[in-house]
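# Architecture and fold: a report
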Amino acid sequence: MTIINRSKPFVLLIGFFISNLLLWISQAAVVSSGDFNKDFFVTWSPTHVNTSNDGRSRTLKLDQESGASFSSIQTFLFGQIDMKIKLIPGSSQGTVVAYYMSSNQPNRDEIDFEFLGNVNGQPYILQTNVYADGIDNREERIHLWFDPTKDFHTYSILWNTHQIVFMVDQIPIRLYRNHAEKGVAYPRFQPMSVQASLWNGESWATRGGLDKIKWSKGPFVASFGDYKIDACVWKGNASMCNGESNENWWNKNEFSSLTRVQKRWFKWVRMYHLIYDYCQDNGRFNNKLPKECSLPKY
C-alpha cells in the first residue's frame, strides 16, 4: 500500500501495531466457501458476469447494453464481510461500482460502499452511506490514498450490535454507532444479503453528472475476489444473532469501539482524505443536522 507523504508518521507505526489491526480478523468459523458460484447468484445480466473456473474470482462488465450484479444466497444479521476489489482503470467517469449489504425491503436497511468513477488522471471517490428503516441521506466521501485500479484492495464491513465500521485494508474510514436508545435509527432487525453491482450512474456520479460515460473507452470491467463472510446466518430468530458468544465474536464488548491505534488511523483518514461529510453540511439540512451528528462516533 502506497501512502502519501502526510502519512509517514503513521507508516512507521505499522510494524509495531500490526497485531492490533489484525484484531478484527475472525475468531470463529467462516460461513463462506470462497467460491462465488456457491455463495452468490447473478441478479442482473448473466452475460455481463464472468466467473473463473475455480469460482475464486468474478468480474462485472458495463457497456451500452447493460450493467450487472450479484447477491449472496444467504442473508445475515451482524458479522464481518471482506471483499477484495480492483476498480475500472482509465476513463471511468459516470460509472458506479457498488459493494454493499441490503435487506431489500421497502423500509430497507443498507450499508453501502460506492466507488464513483472519474476522468483519466483524477482520483476515484469512495462514497459510503447507511440506510436505517428506509432513511438514508448519510453520505460521506473520501479520496483513497492509493490507486484502486492497479491492484486488489480489501473493503470490509463490520456490523454488530454496537457499531458499523467501514474499513479499507483494515483501516477504519467511517463509523456509525448504535444510538437507538437516543432515538437514532440503526440497522438491527432486518437480515441483509451481500451484494455487488456495476452500473451507469452518469446522471450524478462524477461532478454531479457533468462528466458522462465515454462508451468508446468501454467495456468497463470491475474485478472481485478473495472474499470472506464471517456472519450470523439468518434462520428466522434474531436472538441467535444478537448475543455475545465465541461464535458471534463481533458482538463482544472488545468490538464495541475502535482500539487506540484504530482511532488514530480513523482520525488520519478524516484529516487528510475526507472530502464530504453529511454531518458538516448545514446548508443541506437547513441548519438542522441529523441527531447522530451531535452524538459520539466511538
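Residues numbered from 1 in each chain as written. Predicted model: local features only at pLDDT ≥ 70, side-chain atom pairs only at ≥ 80, totals over all residues. Heavy atoms only, no water.

To keep it simple, the criterion reads: UniProt positions are given in the numbering used here, feature names are shortened, and annotations may be inferred rather than shown by experiment.
The protein chain is annotated in an unreviewed UniProt entry as Xyloglucan endotransglucosylase/hydrolase of Arabidopsis arenosa. According to the UniProt record, the Function (unreviewed entry) comment for the protein chain is "Catalyzes xyloglucan endohydrolysis (XEH) and/or endotransglycosylation (XET). Cleaves and religates xyloglucan polymers, an essential constituent of the primary cell wall, and thereby participates in cell wall construction of growing tissues." Looking at the Sequence similarities (unreviewed entry) heading of the UniProt record, one finds this comment for the protein chain: "Belongs to the glycosyl hydrolase 16 family."

## So, helix H5 (residues 260-272)
Convention followed: Going along the chain from the N terminus, every DSSP run of H or I of four or more residues is numbered as a helix, and every run of E of two or more is numbered as a strand. Multiplying 1.5 Å by the residue count of a helix minus one yields the expected span of that helix. For every residue, the accessible area obtained with a 1.4 Å probe (protein chains only) is divided by the maximum for its type, and the residue is called buried under 20%, exposed over 50%, and partly exposed between those limits.
Its 13 residues place the ends of H5 19 Å apart at the C-alpha level, agreeing with the 18 Å of an ideal helix rising 1.5 Å per residue. By the burial criterion, the buried members of H5 are Val261, Gln262, Trp265, Phe266, Trp268, Val269 and Arg270.

## Side note on the packing of aromatic side chains
We apply this condition: Paired rings are identified among Phe, Tyr and Trp, the last through its six-membered ring, by centres lying within 6.5 Å, and are further divided according to the angle between planes into stacked (under 30 degrees), edge-to-face (over 60) and tilted (the rest). For a Lys NZ or an Arg CZ to count as sitting over a ring, it must be within 6 Å of the ring centre and within 35 degrees of the ring normal.
Per the stated rule, a full pass over the model turns up 22 aromatic pairs. Summarising the aromatic geometry, the rings of Tyr99 and Phe113 are spaced 5.5 Å apart at their centres and angled 20° between planes, so their arrangement reads as stacked. Of this pair, Tyr99 sits in strand S6 (residues 95-102) while Phe113 sits in strand S7 (residues 110-116), placing them 14 residues apart in sequence. Accessibility classification places Tyr99 together with Phe113 in one group, the buried group. Within the aromatic cluster, the residues linked to one another by ring pairs are Phe36, Phe40, Phe70, Phe224 and Tyr227. Over the ring of Phe70 we find Arg58; its NZ or CZ atom is 5.1 Å from the centre of that ring. Directly above the ring of Tyr131 sits Arg108, whose terminal nitrogen or CZ lies 4.1 Å from the centroid.

## Observations regarding empty space enclosed by the protein
We count it as follows: Two kinds of site are reported from a 1 Å grid over the protein atoms alone, namely cavities, where a 1.4 Å probe fits but cannot get out, and pockets, open sets with protein on both sides within 12 Å along at least five of seven lines, and residues are called lining when an atom falls within 4 Å of a point. Grid points are joined across faces, edges and corners, and a volume is the space filled by probe spheres set on the points. Think of it as three bins: nonpolar holds Ala, Val, Leu, Ile, Met, Phe, Trp, Tyr, Cys and Pro, charged holds Asp, Glu, Lys and Arg, and polar takes everything else, Gly as well.
Counted by the stated rule, this structure contains one cavity of 30 Å³ or more. The computed volume of the largest cavity comes to approximately 90 Å³. Surrounding the largest cavity, 13 residues form its lining, Leu175, Tyr176, Tyr278, Glu292 and Lys297 being those nearest its centre. If one sorts the elements of the lining of the largest cavity by residue count, strand S12 (residues 171-177) sits on top with four residues. Broken down by class, the residue content of the lining of the largest cavity amounts to seven nonpolar, one polar and five charged.

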